[in-house]
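# Coordinates in review
Single-letter residue listing:
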Amino acid sequence: MVAIGLTLVSPHGFAQQTGPFLDLAGHWSGGGAITMSDGSTERVHCRATYAVAQTGAALNQTLSCASASYNLHITANVVSNGGGVSGSWSESTHSVSGSISGHASSSDISAYVSGAGFSASIGIRTHGGGQSVTIRPQAGTDVRAMSITLRKG
């Protein structure tokens, strides 16, 4: 009778909820293209590091990218609650910072970042050992879009 009680209780008693950021943990690198506001494009090389909480519900990100004429270094702190995400970010090369809001699932993050004189939409899609990142500034920069593909490891 005790064994039956343990069997009934343990699936619920030990169930662990996980947040959407678990698959991001670690180091990523790769590249893609950056499109400038004048329509020209350049190859860009990037590195990202994600420090993820054990629950997968919080992350600290660093993203560094460089092209022939453009550099950026972004840090972000984000938490997920009920599918929504919120947090803060800063970009040290251009001295801008602000807030992050959006939503996340285990494979997709769709967010909006804003700060003094700057705003952008960001999409991150994780698939296996790969990650696609799209950044589309709406104001405050000479960049029209950035699209990168990163691999883990």
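First things first, this report covers the structure right here in the doc. Position numbers for residues count from 1 along each chain, tracking the sequence in the order it is written. Residue-level local features of this predicted model are given only where pLDDT is at least 70; pairs of side-chain atoms are given and counted only at 80 or more, and the full residue set underlies all totals for whole chains, interfaces and linings. Side-chain metrics rest on all non-hydrogen atoms present in the structure, leaving aside hydrogens and water.

Starting at the N terminus, helices and strands are each numbered in turn, a helix being any DSSP run of H or I of at least four residues and a strand any DSSP run of E of at least two. Each helix and strand counted, the chain has 1 helix and 10 strands in total. In the chain, the succession of α and β elements from N to C terminus is α-β-β-β-β-β-β-β-β-β-β. Counting across all 153 residues of the chain, residues that qualify as buried make up 33%. Using a 1.4 Å probe, the Shrake-Rupley method yields the accessible areas, and only the shown protein chains count as cover for residues. Entry remark: accessible area of the chain is about 8500 Å², with carbon and sulfur atoms responsible for 56%. Burial classes follow relative accessibility: with a 1.4 Å probe on protein chains only, a residue under 20% of its type's maximum area counts as buried, one over 50% as exposed, and anything between as partly exposed.

One can expect most non-glycine residues to show negative phi and most peptide bonds to be in trans. Despite not being glycine, Ser95 has its phi angle at roughly 55°, a positive value. For Ser95, the location among the structural elements is in the loop between strand E5 (84–91) and strand E6 (96–104).

Across 8 bridges, the pairing between E5 and E6 is antiparallel. Counterpart to Ser86 in the pairing with E6 is Ser101. Strands qualify as paired when DSSP identifies two bridges or more between them. The hairpin formed by E5 and E6 contains 4 residues between the paired strands, and Ser95 there has a positive phi angle of roughly 55°. Sheet topology places E6 next to strand E7 (residues 108–115); 7 bridges connect them, and they run antiparallel. Within the sheet, the bridge partner assigned to Ala104 lies in E7 and is Ile109.

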